[in-house]
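# Observations on the model geometry
For reference, the chains in residue letters:
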Amino acid sequence: MKTIQSRTVVLDIDNIDTDVIIPARFLKVTDRSGLGRWLFANWRYDAGGAPRPGFALDLPEARGAQVLVAGDNFGCGSSREHAPWALLDFGFRAVVSTSIASIFQSNALKNGLLPVVVDRATHRRLLAQPGAPVTIDLEACTLTLADGTSARFPIDPFARYCLLEGVDELSFLIDQEEAIAAYEGRTAPEARAT
Amino acid sequence: MTRRTLFDKVWEGHLVRPETADTPAILYVDLHLVHEVTSPQAFSMLRERGLGVRRPGRTVATMDHSTPTTPRGADGRIPVVDPQAAAQIGALEKNCAEFGIRLFALGSDGQGIVHVIGPELGLTQPGMTIVCGDSHTSTHGAFGALAFGIGTTEVGHVLATQCLLQGRPKTLAITVEGRLPRGVTAKDLILAIIAKIGVGGGTGHVIEYRGPAVGALSMEERMTVCNMSIEAGARAGMMAPDEATFEYLAGRPHAPRGAAWDEALRAWRGLATDEGAAFDREVSLDASSLEPMITYGTNPGMAIPVRGSVPEGDPGATLGKALDYMGLRPGQRLLGHPIDVVFIGSCTNSRISDLRLAAGLLKGRKVAQGVRVLVVPGSQQVKRQAEGEGLDRVFRDAGAEWREAGCSMCIAMNGDQLQPGQYAVSTSNRNFEGRQGPGGRTFLASPLTAAATAVAGRIADVREMLR
Ligand code: SF4
């Protein structure tokens, strides 16, 4: 994954939590597929399950959009990885906000969903223009608007490396076997769980 | 020697490899807690890749989120009628058997909410690193452990390697002076803290709660505070272990014994933050001025003293949406607001001391007509203890339901849920839209406020009933 070029979908609400992203009643699954259907379920569908007209994700101009722009503190709440799974399954590849909750960021990166934290001014411009085309460049760590202005975003360097090079974090950890065994050899027994 | 915080000591003591410019730290995990909702995909991944569980002895599983809390059948078993929940429960049983993991299965003696059973079994100990696929793992920080929630991919990492890749978080000291007044509980304290620093106020940080008001808390109260660290966005919450910690742990099934106990004590006594150690940020507040707190919106930071009012003026998009959902207006007072349901339970407030508080208030009183009250103990052990003390009788006599242990209406995955539009006062930790059932509207509060509200049928100031 190097660049994402897409129009945006805007949800201008702060503190969008993981229960809003995917309500708990859809977590009673043992696999991870097909969760996009329940993305933002409580906002997208009414009590009878019918789509609520005008919800941002279901507007015609949102079709195919890969970038979600949301209010401050996106993804707060639970550790459910179902949240990024649902966003990815729906078709999103990046979420843009001024701040993104820690566990959500970590879960997102492990699945190739980019958490893009931008400055307030850039965020305001994005919120004001739903559907604006943007380019997100992971190599350069930039988000660029149609007029050419661009903002840098921070990203954990190792996660970026893994995404760019297709490195799998678990394989990286497994390769540390010697160091892990050495650690286990030198820790005191009272630190043991059982 | 450099002066170190409690966090620094636990972090540095668990580094398989420190952070470098290019790679995060590799952190060793002492205790991995597993539950049915966030683990099945991780076990599938192990199977797909032909991996085993590296340290089954450091891994403990239970069932809590999607399990029913309805009474047992004649055979003594708890019936699971939801086929999806049954599939998740079955998957955990199968996974634990296949990978050699100890499981506290539904209805068994040790079963309960994962953050209630860890401490009560003595699995949770000072200085440990503890993770679970659940954000309220922060609860275990009350013992001076570094404990935090992880996602399912990371659950797989820990199962396979007993390690995690982690960037070093920053530290935030929250110092609480004074003492909590009568009728004001640990729950009110943490709600006040979150209201003060905001739901994103702890992002990227590990909080250390300190100061005289924190030292005066019981272990169960400390767990209530640390539990909701995640509601402030923090990675974890911690408290220095002290005599109260050691007293709580002594004699628990998995606590060290004999010479190992003495040795552990020596190590644990050295964990507290060194005098003069620096934190990245510091906040302080005075417990003496606090009042019972209640939330009015759809995140835990939207909280006010129970006699206060919803903020006045133009609410803006986020608060406006929250107030619409809650059916409240700017400037409105919450005291006296009618309530349909009261939920007493969750990993925040379902321990024996929480149930004692609620029962103390309900004793000799009746739940108001038309109000449904659910009391759900955090674990089978809490349930037995409460029954031994006759608390179940107090709850039933007052007109409340007394249930089996589990997460229940905190997350509404198991059929215990609000109907659309209903108002609940809940001792749980999240008032997110739909958290307790689609369209359900949650006011978070303490067990005391919940019990007082149950009696009044309206949001009540418990201090008036304590007089
Ligand atoms: S009681 Fe609620 S917050 Fe705690 S673990 Fe269960 S669902 Fe999560």
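Residues numbered from 1 in each chain as written. Chains lettered and ligands numbered in written order. Predicted model: local features only at pLDDT ≥ 70, side-chain atom pairs only at ≥ 80, totals over all residues.

## Looking at the sheet that holds strand E2 (residues 25-28) of chain B
- Overall, antiparallel pairing links the three strands, which are arranged E1-E2-E8 (chain B) in an open sheet. Either end of the sheet is taken by a strand with one partner, and the two such strands are strand E1 (15-17) and strand E8 (163-166) of chain B. Mean inter-strand twist for the sheet, computed between neighbouring axes without regard to direction, equals 40°.
- Note that E2 of chain B and E8 of chain B share four bridges and pair antiparallel. Each bridged residue has a counterpart across the sheet, and for Tyr 28 of chain B the counterpart in E8 of chain B is Cys 163 of chain B.
- The strands touched by helix H8 (residues 177-186) of chain A within the sheet are E1, E2 and E8 of chain B, with E1 of chain B carrying the most contacts at an inclination of about 150°. (Pairing = 2+ DSSP bridges. Helix = DSSP H or I, 4+ residues; strand = E, 2+ residues; numbered from the N terminus. Axes fitted to C-alpha atoms, helices over the stretch in contact; angles between N-to-C directions. Contact = placed C-beta atoms within 7 Å.)

## Re the site of the ligand
- Taken together, 13 residues form the shell around the ligand, and within it Ser 346, Cys 347, Cys 407, Cys 410 and Ile 411 of chain B come nearest.
- Across the shell around the ligand, the residue classes tally to five nonpolar, six polar and two charged. (Near = placed C-beta within 6 Å. Nonpolar A, V, L, I, M, F, W, Y, C, P; charged D, E, K, R; others polar.)

## Examining helix H4 (residues 102-110) of chain A
Residues and elements named next belong to chain A.
- Counting buried positions along H4 gives nine out of nine residues, so the element sits mostly inside the fold.
- Restricting attention to buried positions, one finds in H4 the residues Ser 102, Ile 103, Phe 104, Gln 105, Ser 106, Asn 107, Ala 108, Leu 109 and Lys 110.
- In the segment just after H4, Gly 112 is the residue with positive phi, at about 80°. (Buried ≥ 20, exposed ≤ 12 C-beta atoms within 10 Å, placed from the backbone.)

## Describing the sheet that holds strand E11 (residues 236-238) of chain B
Residues and elements named next belong to chain B.
- Strand order in this open sheet of four strands is E11-E10-E9-E12, and the pairing throughout is parallel. The open sheet has two edge strands with one neighbour each: E11 and strand E12 (281-286). With strand direction ignored, the average angle separating the axes of adjacent strands in the sheet is 20°.
- Sheet topology note: the strand E9 (residues 170-177)/strand E10 (residues 205-210) ladder contains six bridges and is parallel. Across the sheet, the residue bridging to Ala 173 is Glu 208, located in E10.
- Each of E9 and E12 touches helix H6 (residues 186-197); the most contacted strand, E12, lies at about 130° to it.

## Here's the deal with helix H3 (residues 82-90) of chain A
Residue and element names in this part refer to chain A.
- Among all positions in H3, only His 82, Ala 83, Pro 84, Trp 85, Ala 86 and Leu 87 are buried.
- Looking at the buried side of H3, the elements it contacts are helix H1 (18-21), strand E2 (67-70), strand E3 (94-97) and H4.
- With its phi angle positive at about 125°, Gly 91 sits one or two positions after the end of H3.

## Section: the confidence of the model for chain B
- Of all residues in chain B, 100% attain a pLDDT of 70 or more, and the chain-wide mean is 97.
- This complex was scored by the predictor with a pTM of 0.96 and an ipTM of 0.93. (pLDDT = per-residue confidence, 0-100.)

## With respect to unusual backbone geometry
Residue and element names in this part refer to chain A.
- Positive phi is not limited to glycine here, since Phe 40 has a value of about 50°.
- With respect to the element layout, Phe 40 can be found in the loop between H1 and helix H2 (41-44).
- Residue class for Phe 40 comes out buried when judged on the 21 C-beta atoms lying within 10 Å of it.

## A few points about the interface of chain B and chain A
- Each side of the interface is counted separately: chain B has 66 residues, and chain A has 48 residues.
- Within the residue set of the side of chain B that touches chain A, elements represented by two or more residues are E1, E2, helix H2 (40-49), helix H3 (83-99), helix H5 (152-161), E8, helix H10 (258-269) and helix H11 (316-326) of chain B.
- A per-class count over the side of chain B that touches chain A returns 28 nonpolar, 27 polar and 11 charged.

## Observations concerning the environment of Ile 230 of chain B
All names here are of chain B.
- By the element assignment, Ile 230 lies in the loop between helix H8 (219-227) and E11.
- Residue classification places Ile 230 among the buried residues on the basis of 32 C-beta atoms within 10 Å.
- Expressed as a C-alpha distance, the spacing of Ile 230 and Asn 429, which sit 199 residues apart in the sequence, is 9.6 Å.
- Setting aside residues no more than four positions away along its own chain, Ile 230 makes contact with Ser 135, His 136, Ser 138 and Gly 149.

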